[in-house]
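One letter stands for each residue in the lines below.
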Amino acid sequence: MSEEFEANTMDFLVDLPFATIDIKDDSEITDVPKVNLERSKENECNNKEQIKKRKKKRKDYQPNYFLSIPITNKEITKGIKILQNAIIRQDEQLARAMSSDGSFHITLLVMQLLNEDDVNVGIDALLELKPFVEEILQGKPLTLPFEGVDTFGNQVGFVKLAEGDHINSLLEIADAAKRTFQEKGILAGESRTFKPHLTFMKLSRLPWLRKKGVKKIDPKLYEKFIGHRFGEEVVHCIDLCSMLKKKQSNGYYHCESSIVIGDKNGGEPDDAELVRLSKRLVENAVLKAVQQYLEETQNKNKPGDGSSVKTEEADRNGTDSDNRK
């Protein structure tokens, strides 16, 4: 389960709502009418109940879906594999801490979708996000250059984005996404500041390593790649992905829906990219059809309350009565 999560437990900390502070008057006025006192106590109780509900809602907030920008440029993925192998040669224990092939991506937003209805709302929100993204990009391609390596607290290793205007565009898109999904009533976002990055390893996948003394990613493991240029990714889509559902055959996350973005004139996706997008859409359609068929089959096989049998008998009786008439 932890392998599917976009970040470790600390990454999912969220803002707690501010409590309503009851400030007493320094003079301790006692001549307030009794009715007002009772009303004040009632309002205070209601406020406390609302605060408890908000805190419980936030406390139960556990992201299981996310918006993803897939990274598919072969130059970038090849460079990451070279980086991963270089680290593994120095410490073979870290092999299982590496992100798998086909799963490289940038996370724009994390969220909690508890059921199919929530997922459908999420898909609607993603579709509503598209015009905002197009407005931000103004018809220009969004190109992401990757250069250098860093970590979050020596726990999560990632390839960095080079500085440039593309950072501002990503921040604007992430902000628009958070606003769009939250306006739909979806619990989304994190308390930490959004920092776009391309994860290639996480120690949280191997908690048993701490018992063996491996508590952090040693900078010496990746020092040769600190200034390495991995390549550029031209963004063509944003996906709504599940952290927990089974990954696709190509190693990428289960994708519920996608929006295509980018330059409509000079930056059209190449043939390989179109094939990849088409394949993903077909796989998603097949998976949903199979899932729906299995659910319908299970519902049919479940022992009912006899209502369907009674309905059939009533229909037959009605038909016999009509025939006698």
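Residues numbered from 1 in each chain as written. Predicted model: local features only at pLDDT ≥ 70, side-chain atom pairs only at ≥ 80, totals over all residues. Heavy atoms only, no water.

Going by what an unreviewed UniProt entry lists, the protein chain is known as A-kinase anchoring protein 7 and is assigned to Bos taurus. Under Subunit (unreviewed entry), UniProt gives the following word-for-word description of the protein chain: "Binds cAMP-dependent protein kinase (PKA). Interacts with PRKCA; only the cytoplasmic form is capable of interacting with PRKCA." (UniProt positions renumbered as here; feature names shortened; annotations may be inferred.)

1. Describing the environment of Tyr252
Here Tyr252 is to be found in the loop between strand S8 (237–242) and strand S9 (255–260). Taking the relative accessible area as the measure of exposure, Tyr252 reaches 3% and is therefore buried. Taking the C-alpha atoms as reference points, Tyr252 and Ser100, separated by 152 residues in sequence, lie 8.7 Å from one another. Polar side-chain contacts of Tyr252 include one of 2.8 Å to the side chain of Asp239. (Helix = DSSP H or I, 4+ residues; strand = E, 2+ residues; numbered from the N terminus. Buried < 20%, exposed > 50% of the residue type's maximum accessible area, 1.4 Å probe, protein only. Polar contact = N/O pair within 3.5 Å; in protein donor to acceptor, adjacent residues only side chain to side chain.)

2. Things to note about the sheet that holds strand S7 (residues 229–234)
Within the open sheet, the four strands sit side by side as S6-S4-S3-S7. Their pairing is antiparallel. In the strand order of this sheet, the two ends are held by strand S6 (198–202) and S7, each with one partner. Pairwise comparison of adjacent strand axes, ignoring direction, gives a mean angle of 35° for this sheet. In the sheet, strand S3 (residues 143–152) pairs with S7 via five bridges, with the strands oriented antiparallel. Note on S7: the bridge partner recorded for Leu144 is Glu233. The sheet strands contacting helix H2 (residues 74–90) are S3, strand S4 (156–161), S6 and S7, and the helix crosses S7 at an angle near 145°. (Pairing = 2+ DSSP bridges. Axes fitted to C-alpha atoms, helices over the stretch in contact; angles between N-to-C directions. Contact = heavy atoms within 4.5 Å.)

3. Details of the packing of aromatic side chains
Any aromatic ring pair is given by two values, namely how distant the centres are and how the planes are angled relative to each other. The tally for this structure, following the rule as stated, stands at three aromatic pairs. On the basis of an interplanar angle of 85° and a centroid distance of 5.1 Å, the ring pair of Phe66 and Tyr253 is categorised as edge-to-face. A residue pair is termed long-range when its members are at least 10 positions apart, and Phe66 in strand S1 (residues 65–70) and Tyr253 in the loop between S8 and S9 qualify at 187 residues. Looking at Phe66, the relative accessible area reads 0%, which means it is buried. For Tyr253, a relative accessible area of 4% puts it in the buried group. Considering the side-chain rings of Tyr252 and Tyr253, the 6.1 Å spacing of their centres and the 75° angle between planes classify their relative orientation as edge-to-face. Three or more aromatic residues link up through ring pairs in this structure, and these residues are Phe66, Tyr252 and Tyr253. When the ring centre of Tyr253 is taken as origin, the NZ or CZ atom of Lys247, which lies over that ring, is 4.7 Å away. (Phe/Tyr/Trp six-rings, centres within 6.5 Å; stacked < 30°, edge-to-face > 60°. Lys NZ or Arg CZ within 6 Å of the ring centre and 35° of its normal.)

4. Considering H2
Taking 1.5 Å as the rise per residue, H2 with 17 residues should run 24 Å; its terminal C-alpha atoms sit 25 Å apart, in good agreement. Every buried residue of H2 is listed here: Ile76, Thr77, Gly79, Ile80, Leu83, Gln84, Ala86 and Ile87. Buried residues belonging to H2 abut S3, S4, S6 and S7. Between a side-chain oxygen at the N-terminus of H2 and the backbone nitrogen of Glu75 the separation is 2.8 Å; the capping residue is Asn73. (Expected span 1.5 Å × (residues − 1).)

5. Side note on the sheet that holds strand S2 (residues 105–112)
Across the sheet, which stays open at both edges, the five strands sit in the order S5-S2-S1-S8-S9 with antiparallel pairing between neighbours. The open sheet is flanked by strand S5 (187–188) and S9, the only strands paired with a single partner. Across the sheet, helix H3 (residues 116–137) is in contact with S1, S8 and S9; its angle to S9 comes to roughly 15°. Here helix H4 (residues 165–183) sits on the sheet and contacts S1, S2, S5 and S8; the angle it forms with S2, its principal contact strand, is near 20°.

6. Describing the side chain of Glu256
Position of Glu256 relative to the elements: it lies in strand S9. Owing to a relative accessible area of 6%, Glu256 belongs among the buried residues under this scheme. A distance of 3.2 Å separates a polar atom in the side chain of Glu256 from a polar atom in the side chain of Tyr65. In this structure Glu256 touches Tyr65, Val119, Ile123, Leu240, Lys245 and Lys288, once residues within four positions along its chain are discounted.

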